Protein chains: 2
Amino acid sequence: MADGMAMPKPAPRGRDAEATRAAIIAAARAEFAAKGLSGARVDDIAARTRTTKPAIYYHFGSKEDLYRVVLEEAYAGMREVERGLDLDSLPATEAMRRLVEVSFDYHAAHPDWVRLVSIENIHDAVHLAGSASVADRNANVIGVLGALLARGEREGVFRPGIDPLELHLMISSLCFYRVSNRHTWGAIFGRDLQAAEHVASQRRMVVEAVLRYLRPD
Amino acid sequence: MADGMAMPKPAPRGRDAEATRAAIIAAARAEFAAKGLSGARVDDIAARTRTTKPAIYYHFGSKEDLYRVVLEEAYAGMREVERGLDLDSLPATEAMRRLVEVSFDYHAAHPDWVRLVSIENIHDAVHLAGSASVADRNANVIGVLGALLARGEREGVFRPGIDPLELHLMISSLCFYRVSNRHTWGAIFGRDLQAAEHVASQRRMVVEAVLRYLRPD
DNA sequence: GTCTATAAATGGATAGAC
DNA sequence: GTCTATCCATTTATAGAC
C-alpha cells in the first residue's frame, strides 16, 4: 500500500504524460466550447495549462485531432449518466418522468457539452463520423426507451405506436434548445432561460409535454 | 412604364452599389452558414461573387460587420412569414396547428437560417445584442401566441395557465433541434432526420405534442 | 465603385536544446 | 517529455490605379 515515495521524478513542470494529456484536454474543452473549432487558438489552450504549445502537438498531433479527442471524451461523460439510471423498479410513468428529468438536468448542468455538440453540427459532424465509440451509444438509449415504452404500453399508461427514436428526438429537442439557444433567446425576448425561477417551470413543462404526448386516449 | 433603356451604364462588372451589396450579402450568408464566423474566409466570400475583396470592405467595413448585416437580414426573412399568418379565421385548435406547422416548415426549409442562429449562439449572441430590429420581433410572435391561447381558453379547447413565451420555447425547440442537430444525430443514430419519410412523421409528432400539451383534461 | 497588388498580423506547426 | 525560439502559410485589411 505505502509506495514509499517511489516516484522517480520530482516533476518540475509536468508530472507524467497522462496528467499532461488530461490537463490539455480539459483546457482544450473549455477553449473549444467557448470559441468553436475555428475560433479556438492553440496558443490560448496552452495558456490555460501549465505546459506549452509543443506539448500539445507532441501529445495530440494537431489542433483538429485534439478537438476530436475532446469531443469523444465529452460524449463519454454523458454515457455514464445514462448507465446510472435504474428505471425498472419504477412504474412506467414515473420511470419516464425520471428519464426526462435526468436528461433535462444533464443538459442544464453541462452547457459546455451542449456547445460542443452545436459546434460539431456546424462542422457537419465530420469529426464524429469516424469515431469508434459512437456505435455503442447508438443502441443504449434507444433500447432503454423502447423497453420502457413497451412496458408502459402493457401497463396501459402509454399509447401504442410510439417510435423510440422519435420520442428521444422530442426529449432531446426540449432539453437541448433551451441551453444551446439561450443567448439569442435572451437577446430577442429578454428572458434568461437559465434563471432559477424559469428553469423549474421549464422542467415541469418538458416532463408534462412528454407524459401528455404518451398518455393514451 | 417603358423606361426606354434609360440605364446610364452598361455595367461591365458590378452594376450599382445596391446590387453589389445584395450579391455580397447572399454570398456571405452562404459562407457564414457553412463555416461559421471564424471559419468563414473573406476571400471565399469574394470568390462566391463576381466582385472582389476590396468591394466587400468598401461596402461593409469588416468581416464582422458583414456578419452582423447577414444575421439581421436572416431574422428579417422569418418576420415576413410570421406576418403572413391569418389565424383569426380559424378555430383555436386549428389555428395552433397551423402556427406550429408553419414554424416547422420554415425551419425545415431554411437550414441556413438555423445554422446562423446556432453560430450566433456560439458567439453568445453578442452581434444580435446591439441590433435595432430585434426589439420589434420581441412583441409580435409572443403577442400572437398569447392572443391565441386566450381565445382557445375561452373556447374551452386549451387549458389555462400556459405561458406564451414558454409555449414558444417548446415549439421552437421541436422545430429547431431536428434541423440544427441533424448531423450529430445522423452520425450517432444513423437516421437522416431530413429524409422525406421521417419529416412527415416528425411534423405530425410536433403538432401532436403541442396540441396534447394544451388540451384540457 | 471596382480592380491589382501588397501590407500587416495572426496562428498552426516545428527545430533543436535539455 | 517539455521547453525557447522561430518558421511559414494563411488571412484580414488596405494602398493606389482606373
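Given the structure is predicted, the values throughout are model-derived calculations rather than measurements.

Scanning chain A for helices and strands turns up 11 helices and 0 strands. The order of α-helices and β-strands along chain A, N terminus first, is α-α-α-α-α-α-α-α-α-α-α. Reported as C-alpha extents along the three principal axes, the dimensions of chain A are approximately 65 × 50 × 35 Å. Burial statistics for chain A: of 217 residues in total, 48% are counted as buried. Looking at chain A, you have 28 positive and 29 negative side-chain charges, and the mean spots of the two groups are 5 Å apart.

Moving on to the protein's contact with DNA strand D. Close to DNA strand D lie 20 residues; A:Thr20, A:His59, B:Arg41, B:Lys53 and B:Tyr57 are nearest. Across the atoms of DNA strand D situated within 4 Å of the protein, the share located in sugar and phosphate is 62%. Between DNA strand D and the protein, one listed contact pairs a phosphate oxygen with a side-chain N or O atom of B:Arg41 at 2.5 Å. Taken together, the elements giving at least two residues each to the surface near DNA strand D come down to α1 (17-39) and α3 (53-60) of chain A together with α2 (42-47) and α3 (53-60) of chain B. Its residues assigned to classes, the surface near DNA strand D shows 7 nonpolar, 6 polar and 7 charged.

Another point: the nonpolar core. One broad trend across soluble globular proteins is that nonpolar side chains are buried collectively. A:Leu167 and B:Leu167 are the most contacted members of the largest nonpolar core, which totals 133 residues. Excluding residues that lie within four positions of it along the chain, B:Leu167 makes contacts with B:Met96, B:Leu145, B:Leu149, B:Ile162, B:Val210, B:Tyr213 and B:Leu214.

With that settled, consider helix α11 (residues 196-214) of chain A. Taking 1.5 Å as the rise per residue, α11(A) with 19 residues should run 27 Å; its terminal C-alpha atoms sit 28 Å apart, in good agreement. Inspection of α11(A) places A:Val199, A:Gln202, A:Met205, A:Val206, A:Val207, A:Ala209, A:Val210, A:Leu211, A:Arg212, A:Tyr213 and A:Leu214 among the buried residues, and these make up the whole buried set. Close packing links the buried residues of α11(A) with α5 (92-109), α8 (134-155) and α9 (164-180) of chain A together with α9 (164-180) and α11 (196-214) of chain B.

In the vicinity of DNA strand C, 19 residues are found, and the nearest of them are A:Arg41, A:Lys53, A:Tyr57, B:Thr20 and B:His59. Looking at DNA strand C alone, sugar and phosphate atoms form 62% of those within 4 Å of the protein. Within the backbone of A:Ala40, a nitrogen or oxygen atom sits 3.2 Å from a phosphate oxygen of DNA strand C. Contacts to DNA strand C include A:Val42, whose backbone N or O atom sits 3.0 Å from a phosphate oxygen. Listed by contribution, the elements that provide at least two residues to the surface near DNA strand C are α3 of chain A together with α1 (17-39) and α3 of chain B.

What follows deals with the pattern of salt bridges. Enumeration over the complete set of coordinates arrives at 32 salt bridges over all chains. The closest approach of N and O atoms between B:Arg115 and A:Asp124, which form a salt bridge, is 3.0 Å. Of this pair, B:Arg115 sits in helix α6 (residues 111-122) while A:Asp124 sits in the loop between α6 (111-122) and α7 (126-129), each in a different chain. Among the residues examined, B:Arg115 registers a relative accessible area of 9% and is labelled buried. It is possible to trace a salt-bridge network through shared partners that takes in A:Glu31, A:Lys35, A:Asp44 and A:Arg48.

Attention now goes to the packing of helix α5 (residues 92-109) of chain B against helix α8 (residues 134-155) of chain B. Two measures define how a pair of helices packs: the angle their axes make with one another and the distance between the axes. Residue and element names in this part refer to chain B. It is at 9 Å that the axes of α5 and α8 come closest, and there the two elements cross at 150°. Taken together, the axis directions place α5 and α8 in an arrangement best described as roughly antiparallel. In terms of crossing hand, the pair formed by α5 and α8 is left-handed. Of the residues in α8, those touching α5 at Ala92, Ala95, Met96 and Leu99 are Val144, Leu145, Leu148, Leu149, Arg151, Gly152 and Glu155.

With 93% of its residues at a pLDDT of 70 or more, chain A has an overall mean of 92. Under a pLDDT of 50 for its full length, residues 1-14 of chain A has, in the predicted model, 2 contacts with residues more than four places off or in other chains.

A word on the relation of the copies chain B and chain A. The relation between the two copies of this chain is a rotation about an axis and a shift parallel to it. Here chain B sits on chain A after a turn of 180° about the axis and a move of 0.0 Å along it, with an RMSD of 0.1 Å. Here the two chains are linked by the operation of a two-fold rotation axis.

We now examine the environment of A:Tyr177. Following the sequence through the fold, A:Tyr177 ends up in helix α9. For the pair formed by A:Tyr177 and A:His107, sequence separation is 70 residues and the distance between their alpha carbons is 9.4 Å. Residues contacting A:Tyr177, with those up to four places away along its chain left out, are A:Ser172, A:Arg182, A:Trp185, B:Leu169, B:Ser172, B:Ser173 and B:Phe176.

The next point concerns the packing of aromatic side chains. Residue and element names in this part refer to chain B. Counted under the stated rule, the structure contains 14 aromatic pairs over all chains. Seen in terms of ring centroids, Tyr75 and Trp113 are 5.9 Å apart; in terms of plane orientation they differ by 80°. Their pairing is edge-to-face. One end of the pair, Tyr75, is in helix α4 (residues 63-83); the other, Trp113, is in helix α6, and 38 residues separate them in sequence. Pair check on accessibility: Tyr75 and Trp113 agree, each one buried.

Another aspect to go through is the environment of A:Ile142. On the secondary structure map, A:Ile142 appears in helix α8. Given the relative accessible area of 17%, A:Ile142 is considered buried.

Residues and elements named next belong to chain A. Each domain of chain A was delimited in the assignment, giving domain 1 (12-61) and domain 2 (72-214). The gap between the C-alpha centroids of domain 1 and domain 2 is 30 Å. In this complex, domain 1 contributes 9 residues to the contact, which on the side of domain 2 involves 9 residues. Of the roughly 720 Å² buried between domain 1 and domain 2, counting both surfaces, carbon and sulfur atoms make up 60%. Summed over the three residues of domain 1 that lose the most area to domain 2, namely Arg29, Ala33 and Leu37, the buried surface amounts to 68% of that side. Applying the counting criterion to the domain 1 and domain 2 interface returns 0 salt bridges. Between domain 1 and domain 2 we count 2 residue pairs in polar contact (both at pLDDT 80 or more) in total. Taken together, the residues that form the side of domain 1 that touches domain 2 break down as 6 nonpolar, 2 polar and 1 charged.

Cut-offs used in this document
- Residues numbered from 1 in each chain as written.
- Chains lettered and ligands numbered in written order.
- Predicted model: local features only at pLDDT ≥ 70, side-chain atom pairs only at ≥ 80, totals over all residues.
- Heavy atoms only, no water.
- Helix = DSSP H or I, 4+ residues; strand = E, 2+ residues; numbered from the N terminus.
- Buried < 20%, exposed > 50% of the residue type's maximum accessible area, 1.4 Å probe, protein only.
- Lys, Arg positive; Asp, Glu negative; His and termini not counted.
- Charge placed at Lys NZ, Arg CZ, Asp CG, Glu CD.
- Near = heavy atom within 4 Å.
- Polar contact = N/O pair within 3.5 Å; in protein donor to acceptor, adjacent residues only side chain to side chain.
- Nonpolar A, V, L, I, M, F, W, Y, C, P; charged D, E, K, R; others polar.
- Core = buried A, V, L, I, M, F, W, Y, C linked by side-chain atoms within 4.5 Å.
- Contact = heavy atoms within 4.5 Å.
- Expected span 1.5 Å × (residues − 1).
- Salt bridge = Lys/Arg side-chain N within 4 Å of Asp/Glu carboxyl O.
- Axes fitted to C-alpha atoms, helices over the stretch in contact; angles between N-to-C directions.
- Parallel < 35°, antiparallel > 145°, perpendicular 65-115°, else oblique.
- Left-handed = near helix turned anticlockwise from the far one by under 90°.
- pLDDT = per-residue confidence, 0-100.
- Least-squares fit on C-alpha atoms with pLDDT ≥ 70 in both.
- Phe/Tyr/Trp six-rings, centres within 6.5 Å; stacked < 30°, edge-to-face > 60°.
- Domains from an automatic or database assignment.
- Buried area = accessible area lost by both parts, 1.4 Å probe.

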